[in-house]
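# An overview of the molecular structure
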Amino acid sequence: MDSEYDVVIVGGGPAGLAAGLYATRARLKTLLIERGVPGGQIAVTEMVENYPGIEEILGPELGDKMLRHAEKFDLESQYIEVESADLNSKTKVLTTRHGEINAKVLIIASGAEHRKLEVPGEEELSGKGVSYCAVCDGAFFRDKDLIVVGGGDAAVEEGSFLTRFASNVTIVHRRDELRAGKILQERAFKNPKLDFIYSHVVESINGNGVVGSATLRNVKTNELVEKPVDGVFIYVGLTPNNEFLENALPLDDQGHIHVNLKMETRIPGVYAVGDIRQESSRQVVAAAGDGATAAIFAERYIAENFSE
Ligand code: NAP
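The structure contained in this document is the topic of the report that follows.

### So, the packing of helix α4 (residues 153–162) against helix α5 (residues 182–190)
It is the contact of α4 with α5, at a shortest axis distance of 10 Å, that shows an interaxial angle of 35°. For the pair α4 and α5, the sense of crossing is left-handed. Of the residues in α5, those touching α4 at Asp153, Val156, Glu157 and Ser160 are Leu184, Gln185 and Ala188. Taken together, the residues that form the contact of α4 with α5 break down as 3 nonpolar, 2 polar and 2 charged.

Shown next as structure tokens:
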């Protein structure tokens, strides 16, 4: 297997796929490494309806289109986990279980995944009623009662999606107003199958083998209430996928990577794009823009630093 590339991109979400498109169109020998399925978070999003020019498209379909588009220009892909990165030399070295891969430029597009609630019962009942993916698991909850935890876009959008299957979905949010965008809120408030419990947090998820209830605490009065439910979907934000970067690159307190307007990190030849970078707006179109920007400046970096 080839192990020498101009550009290696870690992560196959919209940021990585856009970087792949631009890098291959610049005729750079480019490898994209993805540990899961291409598309990143949109691969587990029902519908994308805010990508300019495309009024609505299924998330996995958009991911697939982005991959095929870049492959048309010879993007190579490997589906494997990057275990570590050595960024000390001019050539960057990534280690996978199949060996080392060398790159003139590394574009980090490893994104973020759903944060855990870290309450009793969450881990034990994961896959047994506790889920982080409505698109993957929603259909298992036909005519059931669910709660969705969180108050952001993901909680409201995915909560609304779950009403297609469930008889009732209650969004449990820790504050007394939602954080989600206004359009999503307006739609959600009109949905007869969606209820809202504000100012409550989940203290524990309970059940013998499968979820049977959740204990909620009123954050104002500390009063506890046990709510019978068949499933708990957790959407309380995202946490960056940075495990392979330990000691390789400075990260901020939240584990994001600092970049400048060219998407350059503090290490020459290393770029970070999408949800792994600081101050990401976490939108598909912005991630794609990051990827394009990084690839354009990566091409210039290679021309200036590796010309024979
Ligand atoms: P988010 O916007 O960071 O919202 C996280 C929510 O979880 C907030 O309401 C937060 O409460 C709550 N929360 C955090 N920790 C909690 C805890 N321990 N217990 C209870 N509640 C907790 O995250 P998101 O909704 O996952 O969205 C992430 C990004 O993706 C956003 O920028 C969003 O615009 C974008 N996005 C996602 C989708 C989608 O996934 N379907 C769609 C469009 C856009 P507070 O409000 O009190 O902080």
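### Observations regarding the packing of helix α1 (residues 14–25) against helix α6 (residues 284–305)
Taken N-terminus to C-terminus, the directions of α1 and α6 make an angle of 35°; their axes are 7 Å apart at the nearest point. For the element pair α1 and α6, the recorded crossing hand is right-handed. Note on element contacts: α6 touches α1 through Val284, Ala287, Ala288, Gly291, Ala292, Ala295 and Ile296, opposite Pro14, Ala15, Ala18, Ala19, Tyr22 and Ala23. Residues that form the contact of α1 with α6 fall into these classes: 12 nonpolar, 1 polar and no charged.

### Observations concerning α4
Residues of α4 that are buried: Ala155, Val156, Glu158, Gly159, Phe161 and Leu162. If you follow the buried residues of α4, they end up packed against α3 (134–137), β11 (145–149), β12 (168–172), α5, β13 (194–197) and β17 (231–234).

### Some words on the side chain of His173
Here His173 is to be found in the loop between β12 and α5. Classification of His173 as buried rests on a relative accessible area of 7%. If we ignore the near neighbours within four places in the chain, the residues touching His173 are Gly150, Gly151, Leu178, Arg179, Ile197, Tyr198, Ser199 and His200.

### Quick look at the state of the cysteines
Tallied over the full model, the rule gives 1 disulfide. Two residues share a disulfide in this structure: Cys133 and Cys136, whose sulfurs sit 2.0 Å from each other. Between Cys133 and Cys136, the S-S torsion sits near 75°, and that sign places the bridge as right-handed.

### Some points on unusual backbone geometry
Located in the positive-phi region is Arg27, a residue other than glycine, with phi close to 60°. With respect to the helices and strands, Arg27 occurs in the loop between α1 and β2 (30–34). With a relative accessible area of 62%, Arg27 lands in the exposed category. Unusually for a residue other than glycine, Glu118 sits at a positive phi of about 60°. Inspection of the secondary structure puts Glu118 in the loop between β9 (112–114) and β10 (130–131).

### Structural notes on the pattern of salt bridges
Close approach of charged atoms allows side chains of opposite charge to pair. Summed over the entire model, instances satisfying the criterion amount to 11 salt bridges. Here Arg35 ties to Glu243 by a salt bridge, and the two come within 4.0 Å at their closest N and O atoms. With Arg35 in the loop between β2 and β3 (47–48) and Glu243 in the loop between β18 (238–240) and β19 (270–272), this pair connects stretches of sequence that are 208 residues apart. Arg35 gets classed as partly exposed once you look at its relative accessible area, which sits at 40%. Among the ionic contacts, a cluster of salt bridges with common partners joins Arg35, Glu81, Glu113 and Glu243.

Reading the values: rules and limits
- Residues numbered from 1 in each chain as written.
- Predicted model: local features only at pLDDT ≥ 70, side-chain atom pairs only at ≥ 80, totals over all residues.
- Heavy atoms only, no water.
- Axes fitted to C-alpha atoms, helices over the stretch in contact; angles between N-to-C directions.
- Helix = DSSP H or I, 4+ residues; strand = E, 2+ residues; numbered from the N terminus.
- Left-handed = near helix turned anticlockwise from the far one by under 90°.
- Contact = heavy atoms within 4.5 Å.
- Nonpolar A, V, L, I, M, F, W, Y, C, P; charged D, E, K, R; others polar.
- Buried < 20%, exposed > 50% of the residue type's maximum accessible area, 1.4 Å probe, protein only.
- Disulfide = S-S within 2.5 Å.
- Salt bridge = Lys/Arg side-chain N within 4 Å of Asp/Glu carboxyl O.

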